[in-house]
Amino acid sequence: MKKLKVLIGGIGNVLLGDDGVGPYVAHLLNACYEFDSAVEIEDLGTPALDLIDRISGKDAVILIDSIDVEAKPGSVLPYRKADIMRLRPAVRMDPHAPALVDALLSAELFSVCPEEVLLVGIKAQSFEQGCSLSEPVQGALLETISVILKELDRLGVEYKVRECPAELDTWWSSESPLELSTC
Amino acid sequence: MSKRITIDPITRIEGHLRIDVEVDNNAVSNAWASCTMWRGIENILRGRDPRDAWLFTQRFCGVCTTVHAMASVRAVEDALKVEVPLNAQLIRNLILIAHALHDHIVHFYQLSALDWVDVMQIPNADPERTEKLAETLSPWTRNSRNEFKAAQDRVKAVASSGQLGIFMNGYWGHPAMHLSPDVNLLAFSHYIQALEYQRKALQVVGILGSKTPHIQNLTVGGVANAIDLDSASALNMDRLEQIRLLLEDVVRFINEVYVVDVCAVAAMYPEWFKIGSGVKNYLAVPDLPLDTAGTSFDLPGGYIMNGDLAGTRPFQTASDKVFRDAVTEDVTRAYYQDGKPLHPWKGVTDPDFTGWNGEKKYSWVKAPRFNGQPMQVGPLAQVLVGFAQGHPLTVKHATAAISKVQAVGGIKVTPDMLHSTLGRHAARAIRASMLAELAQKHLQLLTDNIAKGDYTVFNQPVFPSHEVEGVGTHEAPRGTLSHWVVIKDEKIKNYQAVVPSTWNASPRDLSDARGPYEASLMNTPLARPEEPLEVLRTIHSFDPCMACACHTFDPSGKQIANVKVL
């Protein structure tokens, strides 16, 4: 069977509190698991339309991002491609505001959007300037990872737990909210 | 009776550009630009190691990562008085150029072309006729009827599906749109092709910076690229050749497609040479240094006041004393505690949010001023400053673009017409073609220097025991960027970033002078005030980038601008 090309991308700004959860999870996955070479794990920051380039040519993409929705902070909510595609793009007032929805809609127009899209959303508590995650979002990290691993299982993508966790490269963060041995 | 229109892209996370205009007799009679998010990220840097600052500033904005990294290392190098080896200067220059080429292509095609191109007219185009038209404009080999037909089919599929997707919010059929269906198709096919070339430009950034979107190769005092012609993992002749090939494709796209399209749009919308001028004070800093001390540059800097090109004054260095001493930030009309305009090294960021009030405070953006005056920054400022100074490369590319517009449109174009909405687009295209030429030059300079046996990439910085100040500047895709740092005991004591969009989106100041966005909107005619396409055209021509900082996904799908007519 052909190996699926997969991108796991953490999206968000690491200087704005819980918005950094996407990049944090990307680094956490890298520290705790080993993946097949066809799996790319990236801290994408806030790529706006450059996301089109990143997802182009992949078979499946899993994105991790903070969300703002009526829910308890720390809730982990999955969204599929169809959920995202029915949303309206942003009016490009500030031409760089276009974010996830615009990038996926554009990628679809250009015929480069992967078939399999999963957005793992984590309800944020705070977007105040700062380099740490709130307690409820810290508490959601393990659940987020398990949702991602389940998606990989569903896609038939192999991974294994590192016997000895690698160094967690979250250079912006002054504390380590999660003991690596627990993941 | 005047109407008030507010354009405010609503997302739950605030942090976007909001524009308010008053409209009298279908023309803008007053305007306010504001930003809805607090920009106090600089406070995070206090107390940190100055050598790490660039990693943090690179995260200010997801689109302008590289530029904030570069301005930050330059600020610290200026404070520590450390020179940068020639290889490092050239590697940095190539990254900056490749990033800018990517950025300018994205700006025109993905972000503003559809202000001028009516996608819904494309089904009426004739691909064969479009091919004939294209032949008269450019030698681009992909201007073929097959490419045009494929692009047209894409639009037809979207239009007939009833799911407009990315086109859902366009002002299609607006009376201010008047390209022929064939020209709409031509431009749209390039909008699709642009994706490949913007990616190639980004690959150059990735090869030299070792990663995108966040480059890894910077360090205060140089770069961390190992140069070793015998090592497969270092920067070697194979990598340089790979960059050369990528640049070749990008350069061809810029010259044969992007510049041509901008000239064609300009030729067909000549009325927009008379709209959108606003603030005619221009500011640009010199960039692309050619020596280790930063005394000679491939892009000139300087300033122009009141549109007086003959009276332009140059900046000799990237941290020219005239520039350093002239910059202040005014908070009279911004949501900060009142105080005198302050120099960035003395800058304070104490928020005082009072809610939008057009008569008082109304924005989170501070008002940067140069000798107390609002300044327009961006490619137009850079091109005008170079043109006014007789900079040969600028004159060459500006003259070529102007001739092209004249030839296509059968109109007379004078440099004075560049003070306009179209002038900003034209200047960005001119700058792109200058940078395309410089990309190849700087790659050659780097290759030659390495071939001579110079592998040096880094000079060790030394911290003095006393307090020091530095400014790092960069002429970024959106204009003059400056990072200001105060260092004491090897730690950051103060840090301020004065970003291009702060200059352009600045609110009024203590003397009530409007910022560039605000001034540029005055007297703009609006065919349908409830569909303010003309306002978007002018604002987009500046290439604003306000708050890429926060990109939280809003699953409610309410990401639509709220255009309120009061």
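Structure shown above.
Residues numbered from 1 in each chain as written. Chains lettered and ligands numbered in written order. Predicted model: local features only at pLDDT ≥ 70, side-chain atom pairs only at ≥ 80, totals over all residues. Heavy atoms only, no water.

Q: Would you take a moment to explain the nonpolar core for this structure?
A: Soluble globular proteins tend to bury their nonpolar side chains together. Counting 206 residues, the largest nonpolar core has I8 of chain A together with F167 and F188 of chain B as its most contacted members. If you tally residues by element for this core, the top one is helix α7 (residues 237-268) of chain B, at 17 residues. Apart from residues lying up to four places away in sequence, I8 of chain A is in contact with L29, F35, V39, E40, I41, E42, I62, I64, I148 and L152 of chain A. (Core = buried A, V, L, I, M, F, W, Y, C linked by side-chain atoms within 4.5 Å. Buried < 20%, exposed > 50% of the residue type's maximum accessible area, 1.4 Å probe, protein only. Helix = DSSP H or I, 4+ residues; strand = E, 2+ residues; numbered from the N terminus. Contact = heavy atoms within 4.5 Å.)

Q: Sorry if this is basic, but what is going on with the pattern of salt bridges here?
A: According to the stated counting rule, one finds 39 salt bridges over all chains in the structure shown. What emerges from the salt-bridge pattern is a single network uniting R80, E116, E151 and R154 of chain A. (Salt bridge = Lys/Arg side-chain N within 4 Å of Asp/Glu carboxyl O.)

Q: When you look at the packing of aromatic side chains in this model, what are you seeing that I'm missing?
A: Aromatic ring pairs are described here by two measures, namely the spacing of the ring centres and the angle between the planes. All names here are of chain B. Counting across every chain of the model gives 32 aromatic pairs over all chains. Seen in terms of ring centroids, W356 and Y362 are 6.0 Å apart; in terms of plane orientation they differ by 55°. Their pairing is tilted. Under the relative-accessibility criterion, Y362 is labelled buried at 0%. Among the aromatic residues, those joined into a ring-pair cluster are F108, Y109, W140, Y197, F253 and Y258. Geometry around Y336 places K366 over its ring, the cationic atom sitting 5.5 Å from the centre. Against the face of F542 rests R424, its NZ or CZ located 3.8 Å from the ring centre. (Phe/Tyr/Trp six-rings, centres within 6.5 Å; stacked < 30°, edge-to-face > 60°. Lys NZ or Arg CZ within 6 Å of the ring centre and 35° of its normal.)

Q: I keep staring at the sheet that holds strand β13 (residues 468-476) of chain B and nothing clicks. Help me out?
A: All names here are of chain B. The 3 strands are arranged β13-β14-β15 in an open sheet whose pairing can be described as antiparallel. Strands with a single pairing partner mark the edges of an open sheet, and in this sheet they are β13 and β15 (491-498). Neighbouring strand axes in the sheet, compared pairwise and without regard to direction, differ in orientation by 15° on average. Summarising the sheet, strand β14 (residues 479-488) and β15 pair through 7 bridges and their orientation is antiparallel. Bridge pairing in β15 places H483 opposite A497. (Pairing = 2+ DSSP bridges. Axes fitted to C-alpha atoms, helices over the stretch in contact; angles between N-to-C directions.)

Q: Is there a simple way to think about the state of the cysteines in this case?
A: Put plainly, a disulfide is one covalent bond tying together the sulfur atoms of two cysteines. Residues and elements named next belong to chain A. Summed over the entire model, instances satisfying the criterion amount to 0 disulfides over all chains. Summary of cysteine pairing: C164 is not part of a disulfide, and the nearest cysteine sulfur, belonging to C32, is at 11 Å. Overall, C164 belongs to the exposed group, its relative accessible area being 61%. (Disulfide = S-S within 2.5 Å.)

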